[in-house]
Amino acid sequence: MSVDRDPGTPPGSPLGLRIAGFALLGLAAVATYGTFQVSRAAGYSVVGPAVIPLVVSVMLSGLGLVFVVRTTAVPDRDLFEHARAEEAATHWPSVLLLGALLVAYAFALGPLGYIPATALFLPTGARLLGSRHLVRDVVLGLGLALVIYFAFTAVLGLRLPAGVLDPFL
Amino acid sequence: MEVFGDLLNGFATALRPEYLLFAAIGVTLGTLVGVLPGIGPALTVALLLPLTYNDFLDATGAFIMFAGIYYGGMYGGSTTSILLNTPGEAASVVTTIEGFKMAKKGRGGAALATAAIGSFVAGTMSTIAITFVAPAVAQLARVFQPADYFALMVLAFVSVTALVGRSLLRGLLSLSIGLFIGLIGIDLISGQARMTFGVTELRDGLDIVVVAVGLFAVGEALYVASRLRHDDEEIVPVRGKIWMTAEEWARSWKAWIRGALIGFPMGALPAGGADIPTFISYNVEKRLSKHPEDFGHGAIEGVAGPEAANNAAFSGVLVPLLTLGLPTSATAAILLVAFQIYNLRPGPQLFTTSGDLVWALIASLYIGNVMLLALNLPLIRVWIKILSIPRAVLYTGILVFATLGVYSIANSLVDVLIMYVIGVVGFFMRRYDFPVGPVVLGVILGPLMEAQFRRAVQISQGDLSIFVSRPLTLAIFLIAALMLAGPYIPALIARLRGERPSRGRVVVGEGKED
């Protein structure tokens, strides 16, 4: 083992881990705030409704602090290595575009209707994930949308939005 | 014998055509999701939960189908491990070690056969065991009081976080996140809204379907998307027959039986589901084998033992679930939710109040095992074909079903968006090696644990010493403490001897359940 730091590995902890640590502390803060919002005045019981929330808040804060320490002052080398390997392998555009597509899909379900939204979502999503068989994916998307729609509405008796196809269904 | 009469009645129910059909659907779906990498029985059962919200499925049919999915997932998981070197489920991680090596050497057919037959042998042995053990445990459990249940739930939490996964800290953080999510909504005892921050949509709490589907499906799909350009996969083609030579039979059968004997009791203890016994079985086989030099190069015992162990452990997990209402894996926790939806309370009373359902479920396990043997030996090549579904289409399809499953609960856009947000959390958890299972367990078991805690303190009139004064409660807490400390003990002993420990903590499982 050499004392010199490998010039290829950046020093310090991966940024993502530090963000994760602060996100956990943020959650702990939210939980603590929520705990103190629980009214203690409510009817008599030996253990009130705020006791367990308090325990969970303390757990989150304590463990979150230890996690922050493990990503800064007392580094967890294995986790650092894992996080660096992940960061090197990550293709962010795919993740962000897929996330945006999902949100668009959710908003389109109602107004556009289940069948058109799904028939568009499947080939677009597959293409984002690297598929290059447009025709196959379009056929697949339309087929899946139709099968699900009619199975749900006709067989299971659940409602799915008809959307723009409402006059025809 | 009362048990035989009950079991016969169970068979009479389970053999009715509609229930046979549900069993067949369940095991087929289970094998399918077991074979497909990235999705597993927990997600599948969660996605199908909305079907139980209306009258389409009766309770017996639903549980026969769900148990089939769980069992089928265990069978199907081995296929991916052996041919793709990617475990389909957490409980198949060990199978990859020898199974993939066998496939590379052209013995993939034998590996698949020993996995399927071993699963059948162990599944049947442990179903016989559950038939006799579960009613006995239910009898014993009648003496349990709220304080004991609270201690048992602590034990279940400790075992899933301390024994499984690479980091105790991250396991406990996952659990805490789950407990926090479980707190959201109206407190049933006081009627107070908690952690809702004035948002009306949160007053009923987060539906477990929203949480589980977000974590398992959306989290996994985003994670796969992030790495798709980086990871390559190789499917090893299976040459020759899916069968074993006489020598392979001779080397397999003892491993099956040992695997079952390890798997069932470990699953039945509240000790963290099906993946720990597979690691133990692997190490036992390695130590006992007459061919230790084969291990690491495709030893058939290393496939036979763990595959038997994971199936046996599944039946074992049903014992605390049915008799104590105590789930010890994410899938079992979602099954518990299904019981709640049907207003059934798993626990000592379940065998008396819903005996018909329980015995039909147990009978269906015998039937499901036979169906799965048929699905996984003669039809194995169909499942191998499924492995060649392009990943891009597969994961987009999973997202379609995930969105559908959550949207169909209440046609609510908000539910779907919350599910996506939880999916983003799941993505980062995968990225930074946080186990996902403890979140689901925390969401489901947290509120039950709180109820038992409050009931126990109510009985003792505010005296917290109730948790240490009852010998049974204290004993359960001590076991939990031992489990928490256990993984550190080998390193501690090494240090006391003045040696430098090779690593700080023994790791028994990957803790990746889906």
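Residues numbered from 1 in each chain as written. Chains lettered and ligands numbered in written order. Predicted model: local features only at pLDDT ≥ 70, side-chain atom pairs only at ≥ 80, totals over all residues.

### Things to note about the overall build of chain B
From N to C terminus, chain B includes 22 helices and two strands. Its C-alpha atoms give chain B principal-axis dimensions of roughly 65 × 60 × 55 Å. Residues classed as buried in chain B amount to 60% of the 514 residues present. When contacts within chain B are restricted to residue pairs at least 6 apart in sequence, long-range pairs at least 24 apart make up 80% of them. (Helix = DSSP H or I, 4+ residues; strand = E, 2+ residues; numbered from the N terminus. Buried ≥ 20, exposed ≤ 12 C-beta atoms within 10 Å, placed from the backbone. Contact = placed C-beta atoms within 7 Å.)

### Brief notes about the overall build of chain A
For chain A, the count of helices and strands is six helices and zero strands. Walking chain A from its N terminus toward its C terminus, one meets helices and strands in the order α-α-α-α-α-α. Among the 169 residues that make up chain A, the fraction classed as buried is 30%. Counting contacts in chain A only where the partners sit at least 6 residues apart, residues at least 24 apart contribute 62% of the total.

### Notes on the interface of chain B and chain A
The partner chain A presents 59 residues to the 55 residues of chain B that form the contact. Of all the elements in the fold, those that place two or more residues in the side of chain B that touches chain A are α8 (168-183), α9 (208-227), α17 (391-410), α18 (413-431) and α19 (437-459) of chain B. The class makeup of the residues in the side of chain B that touches chain A is 31 nonpolar, 15 polar and nine charged. (Nonpolar A, V, L, I, M, F, W, Y, C, P; charged D, E, K, R; others polar.)

### Observations regarding the confidence of the model for chain A
Across chain A, pLDDT averages 87, with 89% of residues at or above 70. Scored below 50 in pLDDT, residues 1-10 of chain A makes two contacts in the model with residues more than four places away or belonging to other chains. (pLDDT = per-residue confidence, 0-100.)

### Concerning the nonpolar core
What tends to happen in soluble globular proteins is that the nonpolar side chains get buried as a cluster. Ranked by size, the top nonpolar core spans 213 residues in total, and within it A46(B), A212(B), V213(B), I334(B) and V440(B) carry the most contacts. At 15 residues, α9(B) tops the list of elements feeding residues into this core. Residue assignment places this core across two domains, with domain 1 (15-89) and domain 2 (92-168) of chain A each supplying three or more. With near-sequence residues (within four places) excluded, A46(B) lies in contact with I208(B), V209(B), A212(B), V213(B) and I334(B). (Core = buried A, V, L, I, M, F, W, Y, C linked by C-beta atoms within 7 Å. Domains from an automatic or database assignment.)

### Re unusual backbone geometry
Residue and element names in this part refer to chain B. Backbone geometry places M195, a non-glycine residue, at a positive phi of 55°. Among the secondary structure elements, M195 is positioned in the loop between β2 (193-194) and α9. On the neighbour-count criterion, M195 (24 C-beta atoms within 10 Å) is buried. In this model, D433 sits at a positive phi of 65°, which is unusual for a non-glycine residue. Along the chain, the position of D433 falls in the loop between α18 and α19. Residue classification places D433 among the partly exposed positions, given that 18 C-beta atoms sit within 10 Å.

### Focus on the confidence of the model for chain B
The predicted coordinates ought not to be read in detail in places where the model reports low pLDDT. Averaged over chain B, the pLDDT score is 88; the fraction of residues at 70 or greater is 95%. Scoring the predicted complex yields pTM 0.90 and, for the interface, ipTM 0.90.

### A short note on α19(B)
Residues and elements named next belong to chain B. With 23 residues, α19 extends 32 Å from end C-alpha to end C-alpha; this agrees with the ideal 33 Å at 1.5 Å per step. Considering bend angle alone, the principal kink of α19 is centred on L445 and spans about 40°; proline P447 follows within four residues of it. Burial analysis of α19 places 17 of its 23 residues in the buried class, which makes it a mostly covered element. (Expected span 1.5 Å × (residues − 1). Bend = angle between axes of the 7 residues up to and from the residue.)

### A look at α18(B)
Structural remark: α-helix, 3.6 residues per turn; residues separated by three or four positions point the same way. Here α18(B) spans 27 Å end to end across 19 residues, near enough to the 27 Å set by a 1.5 Å rise per residue. If you check which residues of α18(B) are buried, you get D415(B), V416(B), M419(B), Y420(B), I422(B), G423(B), V425(B), G426(B), F427(B), M429(B), R430(B) and R431(B). The inward-facing, buried residues of α18(B) contact α3 (77-89) and α4 (92-112) of chain A together with α8, α9 and α17 of chain B. After α18(B) finishes, the residue D433(B) shows a positive phi value of roughly 65°.

### Regarding the domain arrangement of chain A
In terms of domains, chain A is made up of domain 1 (15-89) and domain 2 (92-168). For domain 1 of chain A versus domain 2 of chain A, the separation of C-alpha centres amounts to 37 Å.

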